[in-house]
Amino acid sequence: MNQRKDTYRAALQREPGATSPRPLKVTQLDARYIRLTIEVDPAVPRELNRWMGPPVSALMRVGAAVLRPLRNNP
């Protein structure tokens, strides 16, 4: 498994755009039967905001437009 992980990481670093790896947040959980390592890329929140920001903004504008006539009626 470690060899496969090292091969995968080496392949990621060979990409033309990846000159240096990003710093990762690493969390390790060691228990009697389970060893779990979670690596989180710190750029994930920025990427989520970039991809999800416009659709969420559009939904909020549509919701406001729908509710505006309901608020104006007595």
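Predicted model only: the values in this text are computed from it and were never measured.

### A few points about the overall build of the chain
So, point 1. When helices and strands are tallied, the chain shows two helices and two strands.
So, point 2. Ordered by position from the N terminus, the helices and strands of the chain form the series α-β-β-α.
So, point 3. Relative to its 74 residues, the chain shows a buried fraction of 1%.
So, point 4. Surface accessibility of the chain: about 7,300 Å² in total, with carbon and sulfur atoms responsible for 61%.

### Some remarks on a nonpolar patch on the surface
So, point 1. On the surface, a nonpolar cluster with roughly 620 Å² of combined accessible area is contributed by Leu29, Tyr33, Ile34, Leu36, Ile38 and Val40.
So, point 2. Within the secondary structure, Tyr33 is located in the loop between β1 (25-30) and β2 (35-40).

### Quick look at the confidence of the model for the chain
So, point 1. Across the chain, the average pLDDT comes to 77, with 82% of residues at or above 70.
So, point 2. The spread of mean pLDDT over the elements of the chain runs between β1, the lowest at 72, and helix α2 (residues 44-72), the highest at 85.

### Describing α2
So, point 1. Look at α2: 41 Å from first C-alpha to last across 29 residues, which is about the 42 Å you get at 1.5 Å a residue.
So, point 2. Its axis deflected by about 45° at Met52, α2 carries its strongest bend there, up to four residues before the proline Pro54.

### Points about the environment of Val26
So, point 1. For Val26, the location among the structural elements is in strand β1.
So, point 2. C-alpha separation for the pair Val26 and Glu39, spaced 13 residues apart in sequence, amounts to 4.6 Å.
So, point 3. Each residue touching Val26, except ones within four places of it in the same chain, is listed here: Thr37, Ile38 and Glu39.

### Some details on the pairing of β2
So, point 1. As paired elements, β1 and β2 share six bridges and run antiparallel to each other. In the sheet register, Lys25 faces β2, and the bridge partner there is Val40.
So, point 2. Between β1 and the antiparallel strand that follows it, β2, lie four residues.

Conventions we followed
Residues numbered from 1 in each chain as written. Predicted model: local features only at pLDDT ≥ 70, side-chain atom pairs only at ≥ 80, totals over all residues. Heavy atoms only, no water. Helix = DSSP H or I, 4+ residues; strand = E, 2+ residues; numbered from the N terminus. Buried < 20%, exposed > 50% of the residue type's maximum accessible area, 1.4 Å probe, protein only. Areas by Shrake-Rupley, 256 points an atom, 1.4 Å probe, with all protein chains shown as cover. Patch = residues over 30% accessible without salt bridge, like charges linked within 9 Å, V, L, I, M, F, W, Y side chains within 5 Å. Salt bridge = Lys/Arg side-chain N within 4 Å of Asp/Glu carboxyl O. pLDDT = per-residue confidence, 0-100. Expected span 1.5 Å × (residues − 1). Bend = angle between axes of the 7 residues up to and from the residue. Contact = heavy atoms within 4.5 Å. Pairing = 2+ DSSP bridges.

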